[in-house]
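Here are the chains, one letter per residue:
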Amino acid sequence: MNLLLLIATPLLTALAVLFCRNQEQVKWTALVGALAQLVLSVVLLLLYNQERAAGNTMQMLFEESYALFNNPPINFHFGVDGLSVAMILLTSFVLVAGILVSWNIEKMTKEFYFLLILLALGAYGFFISLDLFILFFFLEVSVIPKYLLIGIWGSGRKEYSANKLALMLMGGSALILVGILLLYFNAGHSFDITELSQVTLGNRLQHIIFPLLFLGFGVFTALFPLHTWVPDGHSSAPTAGSMFLAGISMKLGGYGCLRVATYLLPEGAKQYADIIIVLSAIAILYGAFATMMQKDLKYINAYSSVSHVGFSLLGIGMLTQTAINGAMMQMVSHGVMTALFFAVIGMIYDRTHTRQVNEMGGLMKGMPFAMTVFFIVGLCSLGLPGLSGFVAEMTVFMGSWQNADTFHRVATIAACMSIVVTAVYILRAIGKVAMGPVVNQDHIAAGDVKWNEKFAAIILLAGILAIGIAPQWLNKLLSPTAEIIMNRINGH
Amino acid sequence: MTDFITLMKHELLITVIIFLLLFVKIGKGMKNENLLTLIQVLLLLNAIAGFFFNESGSLFADMFYTSPLVAFQKNVLNIGVYLISLLFGDWLKKTPHLPEFFILLLSALLGMFLLISSGNLLIFYLALELATIPVAAMANFDLAKKRSSEGAMKMILSSAFSSGILLFGISLIYGATGTISFGELVNQINGSPLQVLAFVFFFSAFAFKLSIVPFHFWTADVYEGSPIATTSFLSVISKGAVAFIFITALYRVFGGLYEIWYWMLAVLAVLTMLTGNLFALRQQNIKRFLAFSSIAQVGFILVAISGNYTAGTSSVVYFVLIYIFSNLAAFGVAAVIAEKTGKENIDDYKGLYKTNPFLSWVLALGLFSLAGIPPTAGFFGKLFLLTAGAEKGNFWLIIIAGLNMVISLYYYLKVVRAIFMDKNENPIEPIQVSASVKLGMIICALGIVFTGLAGKLFDYIQSLIA
C-alpha cells in the first residue's frame with residue numbers, strides 16, 4: 001500500500017471542504033473523507049498483518065522515499081511498523097467520531113472541519129515519517145489547528161488556554177529541534193531514523209541529546225511538570241478538539257519519546273530512566289489526586305488523562321519489553337477511551353449546558369444511551385477487566401514488576417495505588433451525574449442522543465471492547481516494536 | 001561591449017526603466033492608473049529577464065563582479081520590487097508624484113545591485129549611499145503627515161552618521177592594508193589591532209543598515225512614519241541586499257578575522273533576537289510591530305551567517321526569498337486596511353475575519369510564515385538558518401534561537417487572536433481589494449505555501465554557490 005494515500009486523502013478532504021458551498025455539504029464531505037481514511041487505515045492493518053503472516057520480517061513495511069532537499073538530506077521517507085499502524089488506526093477512529101459529535105456546530109463550520117482534518121493530517125504524517133525532519137514538520141503542523149480550534153470554538157478561558165498550549169508545545173518543539181540538529185551533526189549528517197538507528201553515539205552525547213528530545217516530546221505527552229497546558233487546553237477546547245488533543249496529540253509525544261528518544265539514544269534512556277520513573281509516578285499520583293478535587297467534568301477527564309498518560313511514560317522508564325509493550329498499549333487504549341470520554345461529556349453538555357457535576361443528577365432517566373456509554377467508559381478508565389484500560393495498565397505493571405530492585409518496586413506500587421483513587425473519582429462522578437435524584441428537570445426533558453452521536457460512541461466503544469476482550473491482535477501488532485527497542489537498549 | 005551588457009544586465013535594465021519614467025514625467029500625458037500598470041508590467045518583464053543569460057565575470061578592473069549567485073540574489077530583489085508595485089497599488093495610485101516615487105525606489109534598487117556586485121571598497125561605499133539616500137526621500141512621501149517627515153529626518157541623520165563611521169573605517173582599512181580592492185584585501189588581513197579597529201567601524205555600518213541591536217533605534221520610528229510602501233521596501237528589499245553583501249564581505253574579505261567577528265555575530269545575534277522580540281511584544285501599531293519583528297528576524301539571519309559560508313549563504317538567500325513573500329503579505333494587508341480605513345492598530349483588527357476573510361487569511365499566512373510554523377515556507381527558511389548556524393557546533397546559540405521562536409510566536413499569535421477570536425462591536429467593514437493588489441497577495445500566499453515544499457529551489461541555490 002502506498003502510504004502517501006494516508007496524507008493525500010485528508011489533504012484532498014480538507015481542500016474539498018474549503019470548496020463546499022453550504023453547511024450540509026461541508027459536513028458530509030468531511031464525514032465521507034474521514035470514513036475513507038478509516039477504511040484506508042483498516043486496509044492498512046489487514047495488509048500489514050498479511051505481509052507479516054507471509055513472513056516479511058523487515059522492521060518497516062511499505063517503505064517509500066521521496067527526496068525533498070538534497071543538502072541537508074531531507075526525504076519524505078515513509079514506512080510503518082506495528083506501532084504506527086495502531087496509532088494510524090486510532091487517529092482515523094477518533095477523526096470519524098470527532099466529526100460526528102461536532103455535527104451541529106454552527107459557527108464557521110467550514111473552517112472547523114478544515115482545521116480538524118488538518119490536525120488528523122499532521123498526526124498521520126507524524127506516525128508514518130521515518131525522517132526526523134519530516135516527523136518534526138508534521139508535529140508542528142498540528143500546533144496551529146489546535147490553537148485555532150481552542151481559541152475560536154472553545155469555551156471558558158479559551159484565549160488563555162489556546163495561547164498556553166501553543167507556546168508550551170512550541171517550547172517543546174524548540175527542544176526537539178535542538179536535539180534533532182545535534183543528532184544530525186553528530187551521527188553522520190542524516191535525519192533518517194533507519195540510518196540513525198545503525199549509529200551508536202558516544203555516551204556523553206547521548207546523555208546530552210536524550211533529555212532534550214525526551215523533554216521536548218514530554219511536553220506533548222504531559223510529562224510532569226510540563227503538563228500544565230493539558231487541563232486548560234482540554235477543558236477549553238470544543239468537544240472534537242478535546243477528543244483530538246487527549247486522544248491523538250498527547251500520543252504524538254509518547255510515540256516520539258519511544259521512537260525517537262529511546263530508540264535512537266538507548267544509553268541516554270538508561271541514564272535517565274530513574275528520573276522518568278519518578279516523574280511519571282508523580283504524574284500518575286498527582287493527576288489522580290488532582291482529579292479528585294475537580295468539579296467540572298472536562299477537568300476531571302483532563303487531569304485523569306495526565307494520570308493515565310503517566311502509565312505510558314512509566315512503562316518507557318521501566319525499560320523492560322513487557323513494560324514498553326504496555327506503554328504502547330496504554331497509548332492506544334487511552335486514546336480511544338479518553339476520546340469517548342470527552343465525546344460523552346460533549347453530549348451531556350449539549351443537553352444540560354453545564355459541566356459542573358454538582359448541577360447534574362439522575363441523567364439516566366433522560367438520556368439512557370449516553371449514560372450507559374458514560375458508565376462503560378468510566379469503568380474502562382478505572383481499569384475494569386474486559387475493557388481496554390485493564391489490559392494496558394496490567395501489562396505496564398507486569399513489566400514494571402520484572403525489575404526486582406526496591407526502587408522500581410516502590411514506584412510500581414505507588415502507581416498501582418492510583419487505581420484506587422481513580423475508582424473513587426470515577427464512581428463518584430458517575431454516581432452523581434447518572435444516578436441519584438434529578439437535579440434539574442430541564443436536563444431530563446432534553447432527550448437522549450441523536451444518531452450521529454450514537455454512531456460516534458459506538459465506533460469508539462467497539463475500539464475499547466476490541467482491545468479489552470481480545471487484546472491479542474494489538475499485542476501481536478505492538479510486541480515486535482517493543483522487542484526491537486529492547487534489543488537496541490540491550491545493545492544487540 | 002557584449003560583456004558589459006550581459007554582466008551588467010540587471011543594472012542596465014533598471015537604469016532604462018528609470019530613464020523611461022523620467023521621460024514620462026516630462027511628457028506628463030499619463031494618468032496615474034495607466035502609469036502604474038505600465039510600471040508593473042515593466043517590473044515584471046525586468047524580473048523575468050533577470051533569470052536569463054547569467055554568467056560570471058568582472059568589469060572595470062574588478063570593481064564590479066557578478067556570478068549566477070549574485071544574479072539570483074538580484075532576481076530575488078527584483079521579485080520583491082515587483083510585488084511592492086502590485087501590493088501598494090491603492091496608495092501609489094493616489095500619490096501625486098508616482099513617477100518620482102518609482103525613480104527613487106529604482107535608484108535605491110540600483111544602488112543595492114551595485115552593492116551586491118561591488119568588488120572594491122570605493123564602489124561599495126558609493127553603492128551603499130545610492131541605496132540609502134533615495135529611501136530617505138521615499139520615507140518623506142506622505143507629505144501631509146508630520147510623522148513621515150520626522151521619519152525621513154531621522155533616517156537621513158542616522159544614515160549620515162553611519163556613513164561617516166563607514167568612511168572612517170574604510171580609510172583605516174586603506175591605511176592598514178594599502179588597498180581597497182576586495183581581492184587584494186583578503187591577503188592583507190592579518191589581524192593587527194588597527195585592522196581590527198577598522199573592521200569594527202566597517203561592521204557597524206552594516207549593523208546600522210541591518211538594524212542589528214544596538215544600532216536599531218532608527219528602525220521603529222522610520223517604519224512607523226513612512227508610507228507602508230517605503231517601510232516594506234526598507235524592511236524587505238534593503239535588508240535582503242545588505243544581508244547578501246554582508247556574508248560576502250565577512251567571509252570573502254575579512255575571513256582572516258573569523259575568530260573576532262564570529263563572537264561579535266553570536267553575541268549580537270542573541271541581543272538582536274531578544275530585543276526585537278521583547279519590544280515587539282508591546283507594540284500596538286502594526287507597522288512598529290512589524291518593524292521590531294523584522295529586527296528579530298535579522299537576529300536569526302546572523303545566527304546563520306555565523307555558521308559557514310556555503311550553508312550561511314544558501315540559507316540566507318533562501319530565507320530572504322521567503323521573507324519577501326511573508327513580510328510583504330503582512331505589509332500588503334496592513335497597507336490595504338490603512339489606506340481604506342486609516343486604522344493601523346492591532347486592536348482595530350479585532351473581528352477582521354468576520355468581515356474580510358481573504359485579507360485575514362493572507363495576513364495569518366504571512367504571520368505564521370514569519371513565526372516559522374509549518375507548512376508555511378517560513379518553517380523551512382528558519383530551520384535552514386538554524387541548521388546553518390549549527391554547523392560550527394555552537395548549540396547554545398541554537399537553543400537561544402529556538403526559545404526566541406517561542407517568544408515570537410506569542411506576539412504573532414496576538415495578531416492572529418485579534419483577527420480570528422476577539423469580538424468587536426464595529427469591526428473593519430468589508431474592503432474591496434483591487435485586482436492588482438489581490439494578484440500580489442495571491443502571489444505572496446502561493447510563495448508562502450510552495451517555496452518551502454519545492455525543495456529543488458534550495459538545491460538550486462546551493463548549486464549556484466559551488
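Analysis parameters
Residues numbered from 1 in each chain as written. Chains lettered and ligands numbered in written order. Predicted model: local features only at pLDDT ≥ 70, side-chain atom pairs only at ≥ 80, totals over all residues. Helix = DSSP H or I, 4+ residues; strand = E, 2+ residues; numbered from the N terminus. Rg over C-alpha atoms; globule rule 2.2 N^0.38 Å. Buried ≥ 20, exposed ≤ 12 C-beta atoms within 10 Å, placed from the backbone. Contact = placed C-beta atoms within 7 Å. Pairing = 2+ DSSP bridges. Axes fitted to C-alpha atoms, helices over the stretch in contact; angles between N-to-C directions. Parallel < 35°, antiparallel > 145°, perpendicular 65-115°, else oblique. Left-handed = near helix turned anticlockwise from the far one by under 90°. Nonpolar A, V, L, I, M, F, W, Y, C, P; charged D, E, K, R; others polar. Expected span 1.5 Å × (residues − 1). Core = buried A, V, L, I, M, F, W, Y, C linked by C-beta atoms within 7 Å. pLDDT = per-residue confidence, 0-100.

Trainee: How should the overall build of chain B be read in this particular structure?
Mentor: For chain B, the count of helices and strands is 21 helices and two strands. Taken over the C-alpha trace, chain B has a radius of gyration of 21 Å; the compact-globule value for 466 residues is 23 Å, and the two agree within 12%. Taking the principal axes of the C-alpha coordinates as reference, chain B spans close to 65 × 55 × 45 Å. Across the 466 residues of chain B, 57% fall into the buried class. Sequence separation of 24 or more characterises 82% of the internal contacts of chain B that already satisfy a separation of 6 or more.

Trainee: Can you walk me through the overall build of chain A in this structure?
Mentor: What chain A contains, in helices and strands, is 20 helices and two strands. Computed over the C-alpha atoms, the radius of gyration of chain A is 21 Å, within 12% of the 23 Å expected from 2.2 N^0.38 for a compact globule of 492 residues. Seen through its principal axes, chain A has C-alpha atoms that stretch 65 × 60 × 45 Å. Buried positions account for 63% of the 492 residues belonging to chain A. A sequence separation of at least 24 residues applies to 81% of the contacts in chain A between residues at least 6 apart.

Trainee: Even after reading the chapter, I still don't get the pairing of strand β2 (residues 74-80) of chain A, so can you show me in this structure?
Mentor: Side chains on a regular strand alternate between the two faces of the sheet. Residue and element names in this part refer to chain A. Counting buried residues in β2 gives seven out of seven residues, a clear majority hidden from the surface. The side-chain alternation of β2 yields two buried faces, one formed by Ile-74, Phe-76, Phe-78 and Val-80 and the other by Asn-75, His-77 and Gly-79. Sheet analysis places strand β1 (residues 61-69) next to β2, joined by six bridges and oriented antiparallel. Residue pairing for β2: Leu-61 is matched across the bridge by Val-80.

Trainee: Any chance you could explain the environment of B:Phe53 here in plain terms?
Mentor: All names here are of chain B. Inspection of the secondary structure puts Phe-53 in the loop between α3 (32-49) and β1 (57-59). Considering only alpha carbons, one finds Phe-53 and Asn-190, 137 residues apart in sequence, at a separation of 38 Å. Non-local contacts of Phe-53, meaning those with residues more than four positions away in its chain, are made with Thr-6 and Lys-9.

Trainee: I'm lost on the packing of helix α3 (residues 82-101) of chain A against helix α19 (residues 451-469) of chain A in this one. Help?
Mentor: Helix-helix packing is described using two parameters, namely the angle between the two axes and the distance between the axes. All names here are of chain A. Two elements in contact, α3 and α19, have axes separated by 8 Å at closest approach and are oriented at 160 degrees. The angle between the axes of α3 and α19 places the two elements in the roughly antiparallel class. The way α3 lies across α19 gives a crossing that is left-handed. Across the interface between the two elements, Phe-93, Val-96, Ala-97, Leu-100 and Val-101 from α3 touch Asn-452, Glu-453, Phe-455, Ala-456, Ile-459, Leu-460 and Gly-463 from α19. Of the residues in the contact of α3 with α19, the class split is nine nonpolar, two polar and one charged.

Trainee: What should I look at first to understand the interface of chain A and chain B in this one?
Mentor: The figure often quoted for interface size is the accessible area lost as the parts come together. If you look at the interface, chain A gives 27 residues, while chain B gives 26 residues. With twelve residues, helix α7 (residues 158-186) of chain A is the single largest residue contributor to the side of chain A that touches chain B. Per-class residue counts for the side of chain A that touches chain B are 20 nonpolar, five polar and two charged.

Trainee: Could you clarify how one ought to interpret α3(B) in this entry?
Mentor: Along an α-helix, residues three or four apart share an orientation, since each turn contains 3.6 residues. Look at α3(B): 25 Å from first C-alpha to last across 18 residues, which is about the 26 Å you get at 1.5 Å a residue. Lining the buried residues of α3(B) we find α2 (9-27), α4 (68-87), α5 (89-94) and α6 (98-117) of chain B.

Trainee: Help me out: how do you make sense of helix α5 (residues 132-141) of chain A in this one?
Mentor: Of all ten residues that make up α5(A), ten are buried, and the element is covered over most of its length. If you check which residues of α5(A) are buried, you get A:Leu132, A:Phe133, A:Ile134, A:Leu135, A:Phe136, A:Phe137, A:Phe138, A:Leu139, A:Glu140 and A:Val141.

Trainee: Looking at this structure, I do not really get the packing of α4(B) against helix α15 (residues 309-341) of chain B. What am I missing?
Mentor: Residue and element names in this part refer to chain B. In the contact formed by α4 and α15, the axes pass within 10 Å of each other and the chain directions differ by 10 degrees. The orientation of α4 relative to α15 falls into the category roughly parallel. On α15, the residues that touch Phe-72, Gln-73, Val-76, Ile-79, Gly-80, Leu-83, Ile-84 and Leu-87 of α4 are Val-317, Val-320, Leu-321, Ile-324, Leu-328, Gly-332 and Ala-335. Residues belonging to the contact of α4 with α15 are distributed by class as follows: twelve nonpolar, three polar and no charged.

Trainee: Could you clarify how one ought to interpret the nonpolar core in this entry?
Mentor: For soluble globular proteins, the rule of thumb is that nonpolar side chains tend to be buried together. Residues A:Ala97, A:Leu340, A:Ala343, A:Val344, A:Leu460, B:Leu109 and B:Ala329 are the most contacted members of the largest nonpolar core, which totals 369 residues. Among the elements that line this core, the one with the most residues is α15(B), at 20 residues. Ignoring anything within four residues of it in the chain, the contact list for A:Ala97 reads A:Met243, A:Ala339, A:Ala343, A:Ala456, A:Ile459 and A:Leu460.

Trainee: When you look at unusual backbone geometry in this model, what are you seeing that I'm missing?
Mentor: A negative phi angle is the norm for most residues apart from glycine, just as the trans form is the norm for most peptide bonds. In this chain, B:Val213 is followed by B:Pro214 through a cis amide linkage whose omega measures 5 degrees. With respect to the helices and strands, B:Pro214 occurs in the loop between α10 (193-209) and α11 (217-225). The omega torsion of the bond from B:Pro374 to B:Pro375 falls at 5 degrees, within 30 degrees of zero and hence cis. Topologically, B:Pro375 is positioned in the loop between α17 (357-371) and α18 (377-390). One non-glycine residue with positive phi stands out, namely A:His353, at about 55 degrees.

Trainee: Is there a simple way to think about the environment of B:Phe182 in this case?
Mentor: Residue and element names in this part refer to chain B. Topologically, Phe-182 is positioned in helix α9 (residues 182-188). Taking the C-beta count within 10 Å as the criterion, Phe-182 has 21 such neighbours and is therefore assigned buried. Sequence spacing of Phe-182 and Glu-129 is 53 residues, and the spatial spacing of their C-alpha atoms is 19 Å.

Trainee: Before we go on, may I ask you to explain the environment of A:Leu115 in this structure?
Mentor: Residue and element names in this part refer to chain A. Considering the arrangement of structural elements, one finds Leu-115 in helix α4 (residues 109-128). Note: C-alpha distance between Leu-115 and Thr-322 (207 residues apart in sequence) is 37 Å. What Leu-115 contacts, discounting residues up to four positions off in sequence, is Pro-145, Leu-148 and Leu-149.

Trainee: I'm lost on the confidence of the model for chain B in this one. Help?
Mentor: In regions of low pLDDT, the predicted coordinates are not meant to be interpreted in detail. Residue and element names in this part refer to chain B. Of all residues in chain B, 99% have pLDDT values of 70 or greater, and the mean over the chain is 87. The weakest mean pLDDT in chain B belongs to helix α1 (residues 2-7) at 78; the strongest belongs to α4 at 91. Both confidence scores are given for the complex: pTM 0.91, ipTM 0.88.

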